[in-house]
Amino acid sequence: MSSPRIGPDDLRAALPDTSSDLTLRGLEGSVEIIRDKQGIPHIRASTVGDVFFAQGFATAQDRLWHMDHDRRRAYGRWAELTGPTALDQDRSMRRFRLEASARADYQTIGSAAREMVDSYARGVNAFIDSAVNLPVEYRIVGAGPEHWQPWDSMAVFKVRHILMGSFERKLWNARLVNQLGPEVAAKLMPAFREGHLLIVPPGAEYSGPSSNDLKELLKDAGSISLPNGGEGGSNNWALAGSRTSSRKPILAGDPHRGLDTPSVYYQNHLSCPEFDVVGLSFPGVPGFPHFGHNAWVAWCVTHAMADYQDLYIERFKKDDPGLYLFRGEWRKAEVYREVLRVKDGQPLEMDVTVTHHGPVILGDPSEGQGIAFRYTATAEPIPAFNSIRSMLQAGSVDEIEAAMRDWVDPANNFVTADVSGNISYLTRGKLPVRPRANAWLPVPGWTGEYEWQGFVPFEEMPRARNPETGYIVTANNRIVDEDYPHYIGLEYSPDYRARRVRESIEKLDGAVVSDMAAIHADCTSIPAQAMSRLLSGVEATDPDVQAARDRLLDWDGRMDKNAVEPTIYSAFQIALTKIVVSSILGSLGEEAIDGKGQGGLGWLARISGQLHLLIQEGDTSLLPDGETWETVMAQALGEAVDWLQARLGGEMDSWLWSRVHTTRPQHTLSSSFPGLAELLDPPPVPMNGDGHTPLASGYSPGDPFVVTSASMARYAFDLGDWDNSAWVVPLGTSGHPGSPHYADQAPIWADTRLLPMLYDWTRIEKEAESVQGLSPAG
């Protein structure tokens, strides 16, 4: 697509006015928006409705294009702005029917939550209607923004989480079973290891087993026939007052997601007589669903790695694809006609078929088969936004946990602390009760054997309160041991990050916020330490390969951007993984390595991260015939050195991790308008760490070593003095490429430093960059 003529002056001309006082319809009283030196809005209002109105207004000032992009992505309408290249994405999203789900949720929520989303939408629309300058992206695509509807906020929240579930993993597992058979496939589905850290109770270790149970996998493997079709994580922790300088808790962490431009989270602060909350929002979503604190309680989350998405293989009647088989009878499916509009193209039509299990997202009912998608957030109308509203006024960990009764998706490790000194853990979210076979693969939908049978009762969700350890640590590791009576999930992250965080915490005495920043910055990789030691048994005849091996043998496993060893280790790890995976999977392995296979990239990261355990255990079952780990490791190290010499030159001392391990932030329009990429994309920054360090900076083996997932925020809440709290995001508050706050936090984030999280209004006023008053019209 040809790029319009846009220059730096056009970017600056599109910036919103954040200092002039405005008179707006929809307000009950006066509102003040004070922006600090990072452009973060601090909002004061005299009513709850007005504070959410102003949150919508300020978010639209900074992130309207971001919000609109997520809304269009949720509704399968991105091709309307960018053309045919977006059609595949739009088709996929239409099949999920997120707009219908969001509209149904809106009818389900209570009056307080409805006031919240209604007021937020009025604020967004007040900006759209009053703005002299709209984001430059609308000029680039030749379109304007549509008014915001209250249910759009639900849709944005859903689209941000639907792909974080388990359905792609189940599709990948099915492909493994089809190609290899269930026995071999089970060996390639990494289990959580005996002796690795659990979340509940804090400090406990998993008792096993370390291998997957084949019984349920074998049961229905023969019925799996897929139709044609289409590394993340987080850390958080709480320290009890017994471990801190103030004798009050500290809550800290960092969510790991794909590296978006602009950043997925939006820093802001809302104050009204009912609550005074500062935290991180999703642009387009009111409140602070995941991270924040009010005057009494702080909260944060990591992904629980729970399994709340199932896939059902449906049998349709070939001469009447509107009928599907269930328990020996033909049922009537719902069929919805969708029209996809395409920029510079003709509209296209598609039918979306929905069974009682959910929408068919793969396959063609007219050919007799499809896969239906069942997901807690879309299976029925949900009142989850009630939790987002009520948590803002919680006065204790008891009250904020009670507010999670309506929470549905995503399932989170919800860690909280209050000013009375309590620290607490809760697995929040709805966990379906159903047969264990659903955990592995798509299951037969026609038998009736695999239906959901309600949800795990809220009272029986895993919990911990004020543990004797004096800390709670979560890092996407397994939550509970085998004796927990309910199924939560099948695949968790190894405990490498959790173990490093725990080790750091246990060394602390009188901890302060700066200690939390040091934990954020930890770039020591447990797999790198182990794999480097294992190279002692590898022979190297080539002097360059020998020099590379010797460097790793003397290395401490720190993925330091100013060191050479992380580069050698990472190239070696990729080469070793390719040898192992390609010998077993062939072209399917290549898909995973290139990041093209459904669920394959996450599977590959888990396999790669556990290779050192297989070597330590002498397990050669995944190796090509006649090979040993020593021969395969020697081959991989040689290939890694050859690859690095070709890419970085022959001088090994120049192979610094910082040369190759950098971010590559890409604006949402860069791929559609490549001529504008240099203008729209923030600058890259080099990073320490990798996907297995607390300082998360994962990459895809298909594009080494560009950082694709990282900490989307870092935070530390000090309950002894809220004004000691601190945070940072990867880019900045603004989504405008012409704003000084588009990427002003990037160098601070890259250096793992934190910025003050302003909460005291006297200080906010003193350090204000701009002040804007909003008054009601009439």
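Residues numbered from 1 in each chain as written. Predicted model: local features only at pLDDT ≥ 70, side-chain atom pairs only at ≥ 80, totals over all residues. Heavy atoms only, no water.

## Overview of the overall build of the protein
Inference 1: Helices and strands together make up the secondary structure of the protein, namely 26 helices and 27 strands.
Inference 2: In summary, the protein has a C-alpha radius of gyration of 26 Å against a globular reference of 28 Å for 778 residues, a match within 12%.
Inference 3: C-alpha atoms of the protein, sized along the principal axes, occupy 85 × 70 × 60 Å.
Inference 4: Sorting the 778 residues of the protein into buried and exposed places 63% on the buried side.
Inference 5: Each charge class in the protein can be summarised by its mean position, and for the 71 positive and 102 negative side chains these summaries are 3 Å apart. (Helix = DSSP H or I, 4+ residues; strand = E, 2+ residues; numbered from the N terminus. Rg over C-alpha atoms; globule rule 2.2 N^0.38 Å. Buried < 20%, exposed > 50% of the residue type's maximum accessible area, 1.4 Å probe, protein only. Lys, Arg positive; Asp, Glu negative; His and termini not counted. Charge placed at Lys NZ, Arg CZ, Asp CG, Glu CD.)

## Digging into the packing of helix H6 (residues 111–130) against helix H8 (residues 150–159)
Inference 1: Interaxial distance between H6 and H8 falls to 7 Å at its minimum, and their mutual angle equals 100 degrees. Between H6 and H8, the angle falls in the class roughly perpendicular. Residues Val117, Asp118, Tyr120 and Ala121 of H6 touch H8, and the partners they reach there are Pro150, Ser153 and Met154.
Inference 2: Each residue belonging to the contact of H6 with H8 can be placed in one class, and the counts come to five nonpolar, one polar and one charged. (Axes fitted to C-alpha atoms, helices over the stretch in contact; angles between N-to-C directions. Parallel < 35°, antiparallel > 145°, perpendicular 65-115°, else oblique. Contact = heavy atoms within 4.5 Å. Nonpolar A, V, L, I, M, F, W, Y, C, P; charged D, E, K, R; others polar.)

## So, the packing of helix H5 (residues 98–108) against H6
Inference 1: Between H5 and H6, the shortest axis-to-axis distance is 9 Å and the interhelical angle comes to 130 degrees. Classified by the interaxial angle, the pair formed by H5 and H6 is oblique. Of the residues in H6, those touching H5 at Tyr106, Gln107 and Thr108 are Arg114, Val117 and Asp118.
Inference 2: Split into classes, the residues belonging to the contact of H5 with H6 amount to two nonpolar, two polar and two charged.

## A word on the sheet that holds strand S1 (residues 22–24)
Inference 1: Reading across the sheet, the eleven strands line up as S1-S27-S2-S3-S6-S7-S8-S9-S17-S18-S20 and stay open at both edges, with mixed pairing between neighbours. Looking at the sheet topology across the chains shown, the edges are occupied by S1 and strand S20 (463–465). Adjacent strand axes in the sheet meet at a mean angle of 20 degrees when their direction is disregarded.
Inference 2: Relative to the sheet, helix H2 (residues 48–75) contacts S1, strand S2 (31–35), strand S3 (41–45), strand S6 (266–272), strand S7 (275–281) and strand S27 (770–776), its axis offset from that of S6 by approximately 160 degrees. (Pairing = 2+ DSSP bridges.)

## Details of the pairing of strand S24 (residues 714–718)
Inference 1: Here S24 lies mainly inside the structure; five of its five residues are buried.
Inference 2: The two faces of S24 match: Arg714, Ala716 and Asp718 on one face and Tyr715 and Phe717 on the other face are all buried.
Inference 3: As judged from the four bridges shared by strand S5 (residues 250–258) and S24, these two strands associate in the antiparallel manner. Pairing of Ile250 across the sheet is with Asp718, part of S24.
Inference 4: Relative to strand S25 (residues 726–728), S24 is paired through three bridges, and the arrangement is antiparallel. Within S25, the position partnered with Ala716 by the bridge is Ala726.

## Side note on the nonpolar core
Inference 1: Counting 222 residues, the largest nonpolar core has Phe385, Leu576 and Trp603 as the members making the most contacts within it.
Inference 2: Take this core: its biggest share by element is 13 residues, from H2.
Inference 3: Excluding anything up to four places from it in sequence, Phe385 contacts Ile109, Ala113, Met116, Val117, Ser153, Met154, Phe157, Val285 and Pro286.
Inference 4: Listed in part, the 17 residues of the second largest apolar core include Trp237, Ile250, Tyr471 and Ala716. (Core = buried A, V, L, I, M, F, W, Y, C linked by side-chain atoms within 4.5 Å.)

## Considering the pattern of salt bridges
Inference 1: The full count for this structure, using the stated rule, is 47 salt bridges.
Inference 2: Of the charged contacts in the structure, one is a salt bridge between Asp152 and Arg71, with a shortest N-O distance of 2.9 Å. With Asp152 in helix H8 and Arg71 in helix H2, this residue pair connects regions lying 81 residues apart in the sequence.
Inference 3: On the accessibility criterion, Arg71 (5% relative accessible area) is buried.
Inference 4: Among the ionic pairs, Glu146 bridges to Arg72, the shortest N-O distance being 3.8 Å. You can see Glu146 sitting in the loop between helix H7 (136–141) and H8 and its partner Arg72 sitting in helix H2, a full 74 residues away along the chain.
Inference 5: Arg72 sits in the buried class, given a relative accessible area of 5%.
Inference 6: Overlapping salt bridges, with partners in common, bring together Asp68, Arg71, Arg72, Arg77, Glu80, Glu146 and Asp152 in one network. (Salt bridge = Lys/Arg side-chain N within 4 Å of Asp/Glu carboxyl O.)

## Describing the environment of Val660
Inference 1: Examined against the element boundaries, Val660 turns out to sit in helix H23 (residues 657–660).
Inference 2: Val660 gets classed as buried once you look at its relative accessible area, which sits at 4%.
Inference 3: In sequence terms Val660 and Ser424 are 236 residues apart; their C-alpha atoms lie 40 Å from each other.
Inference 4: In contact with Val660, other than residues within four places in its own chain, are Thr567, Arg647, Leu648, Phe705 and Val706.

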